[in-house]
Amino acid sequence: MEAELAAEVMQRCAILGAISAEAQILTRPSFTPAMRAVHTQVAAWMEAAGMHVREDAVGNLIGRYSADHAAARTLLIGSHLDTVRDAGRYDGALGVLVGIAAVAQLHRAGRRLSIALEVVAFTDEEGLRFGSALLGSRALIGKFDPALLSVTDAAGTTIGTALRTFGGNPEQISAAARPLHDLIGYCEVHIEQGPLLEAKHLPVGIVSAITGISRTGVSFHGVAGHAGTVPMELRHDALCAAAAFILAAETVARNTAGLVVTVGQLDLAPGASNVIPARVSLSIDLRHQSDRTRIEAAMLLREKAAAIATERGVHAVWEDVQEIDAVPMDAALRTRLAAAVVACGSEPLELPSGAGHDAMVLGLVVPAAMLFVRCVGGISHNPAEAVHEGDVATSIAVLSRFIELSAEG
Ligand code: HGY
Ligand code: MN
Ligand code: MN
């Protein structure tokens, strides 16, 4: 049965992978028509798997497969359907579709367990459109900051407006937080997005902890000038200052074990080939499994930005966007997941996650666990992202066994 379900999951990943806000590449920001089309399709698959489907005030899509009795506890399963720009088709979507497949298996066998299952497709895990990530999972656990509703995207649309247009209800987000008392915990299936499982020749792995993330930004403000008439020694070139900072940040990361720093976005103005850049703003994504190391590194980078600005006669403005502490996965659920992996004939390797996930939010309030699926070459956030269908079948079998063990209590 898992082989058939895995083939179906692969087909569905391809279908969702073709639903994009941009022609030729997969880019699916939150609250867009592409996301609405994906919700419509995934809701239909949830209903076909015997689930009752709803969309909450912040746009989380939730399919519920009730238990064999009313007062049952609930196991949450999920991931996200939004993507980065020029994305692969498995980051997020695989976890939602494997969750639906595990429920479909029960439904097709006419089985109801002693626990209820809810498959959640979380809103805005990536933060592509508005910069602040994990919106849906934070809202679901009741930790949504209403100030975020006024954050705008590049077009000047606020989260509140985008959510309302999408059919959400910004005013009801806090009231719509899910009650936690009936939750057994949360389990997320996700591609590893790294090379370890492939190197170890393993189809799946168990996540030990999820890295802490500092999302910040810095802008450098210099003086525009004529490219032909301002001597080099008189320039206050914002882009050269930014370039010096980016290389300094790379050096700090290379010299600090386990630290990764990425500048993924850069905007400059005025943006003419014969004008010395006056303003540059860039994003900084900084991660480490130790919160202390991460915070110290962020402070060091902030000092370096100021020093470079002074040296070059420009002005640096540092802007903290989001701080997320590292979150260990629940020990009891890790043990349960390991038992499920062994029962399915694989080795229960534990590994940390360098990527952020909704599980790091759910893990703040309920026991959380993650099952990683091997991805080809460890490639992710890249259209070349790929998984083996056999590994998807294994992940469905492991999740199904994990669900059964959770029902046994
Ligand atoms: O950025 C991340 O780690 C995840 O892809 N949102
Ligand atoms: Mn991602
Ligand atoms: Mn993801």
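Scroll up to find the structure this text is about.
What comes next concerns the included structure. (Residues numbered from 1 in each chain as written. Chains lettered and ligands numbered in written order. Predicted model: local features only at pLDDT ≥ 70, side-chain atom pairs only at ≥ 80, totals over all residues. Heavy atoms only, no water.)

### Some thoughts on the packing of helix α2 (residues 33-48) against helix α3 (residues 93-108)
(1) Moving on: At a minimum axis separation of 9 Å, α2 and α3 run at an interaxial angle of 25°. With respect to α3, the axis of α2 lies roughly parallel. Contacts between α2 and α3 pair Val42, Trp45, Met46 and Ala48 from the former with Val96, Leu97, Ile100 and His107 from the latter.
(2) Moving on: The class makeup of the residues in the contact of α2 with α3 is seven nonpolar, one polar and no charged. (Axes fitted to C-alpha atoms, helices over the stretch in contact; angles between N-to-C directions. Helix = DSSP H or I, 4+ residues; strand = E, 2+ residues; numbered from the N terminus. Parallel < 35°, antiparallel > 145°, perpendicular 65-115°, else oblique. Contact = heavy atoms within 4.5 Å. Nonpolar A, V, L, I, M, F, W, Y, C, P; charged D, E, K, R; others polar.)

### Describing the site of ligand 1
(1) Moving on: Every residue lining ligand 1 is accounted for by Glu125, Glu126, Arg215, Arg287, Ala355, Gly356 and His381.
(2) Moving on: The contact in question runs from a nitrogen atom of ligand 1 to an N or O atom on the side chain of Glu125, over 2.9 Å.
(3) Moving on: At a separation of 3.0 Å, an oxygen atom of ligand 1 approaches a polar side-chain atom of His381.
(4) Moving on: For ligand 1, whose unbound accessible area comes to 220 Å², protein coverage reaches 93%.
(5) Moving on: Counted by class, the shell around ligand 1 contains one nonpolar, two polar and four charged residues. (Near = heavy atom within 4 Å. Polar contact = N/O pair within 3.5 Å; in protein donor to acceptor, adjacent residues only side chain to side chain. Areas by Shrake-Rupley, 256 points an atom, 1.4 Å probe, with all protein chains shown as cover.)

### Some points on the coordination of the manganese ion (ligand 3)
(1) Moving on: The coordination sphere of the manganese ion (ligand 3), as far as protein atoms go, consists of His80 (NE2), Asp91 (OD) and His190 (NE2), spread over 2.1 to 2.2 Å.
(2) Moving on: Exposure remark for His190: the relative accessible area of 1% places this residue in the buried category. (Donors = N, O, S within 2.8 Å, 3.2 Å for Na, K, Ca; no water. Buried < 20%, exposed > 50% of the residue type's maximum accessible area, 1.4 Å probe, protein only.)

### Some remarks on the coordination of the manganese ion (ligand 2)
(1) Moving on: Here the manganese ion (ligand 2) is held by Asp91 (OD), Glu126 (OE) and His381 (NE2), and the distances to it run 2.1 to 2.2 Å.
(2) Moving on: Read in sequence order, the donor residues for the manganese ion (ligand 2) give the motif D-x34-E-x254-H.
(3) Moving on: Between the manganese ion (ligand 2) and the manganese ion (ligand 3), the interatomic distance is 3.4 Å, and Asp91 donates to each metal, bridging them. Here Glu126 lies in the loop between β4 (116-122) and α4 (135-140) and Asp91 lies in the loop between β3 (74-80) and α3, a separation of 35 residues in the sequence.

### Points about the pairing of strand β16 (residues 368-373)
(1) Moving on: Most of β16 is tucked away: six of the six residues are buried.
(2) Moving on: Burial of the side chains of β16 extends over both faces: Ala368, Met370 and Phe372 are buried on one face and Ala369, Leu371 and Val373 on the other.
(3) Moving on: Alignment of strand β5 (residues 183-191) against β16, held across six bridges, turns out to be parallel. Opposite His190, over in β16, you have Phe372 as the bridge partner.
(4) Moving on: For strand β6 (residues 204-210) and β16, the ladder comprises three bridges, and the chain directions are antiparallel. Residue pairing for β16: Val204 is matched across the bridge by Val373. (Pairing = 2+ DSSP bridges.)

### Description of the packing of aromatic side chains
(1) Moving on: Under the criterion given, the structure shown has five aromatic pairs.
(2) Moving on: With centroids separated by 5.9 Å and ring planes inclined at 50°, the aromatic side chains of Phe220 and Phe245 adopt a geometry described as tilted. With Phe220 in strand β7 (residues 212-221) and Phe245 in helix α7 (residues 238-254), the pair connects residues that are 25 residues apart, well separated along the chain. Pair check on accessibility: Phe220 and Phe245 agree, each one buried. (Phe/Tyr/Trp six-rings, centres within 6.5 Å; stacked < 30°, edge-to-face > 60°.)

### Topic: the side chain of Ser79
(1) Moving on: Residue placement: Ser79 occurs in strand β3.
(2) Moving on: Looking at Ser79, the relative accessible area reads 0%, which means it is buried.
(3) Moving on: In contact with Ser79, not counting residues within four places along its chain, are Gly92, Gly95, Val96, Val120, Ala121, Phe122, Tyr186, Glu188, Val189, His190 and Asp358.

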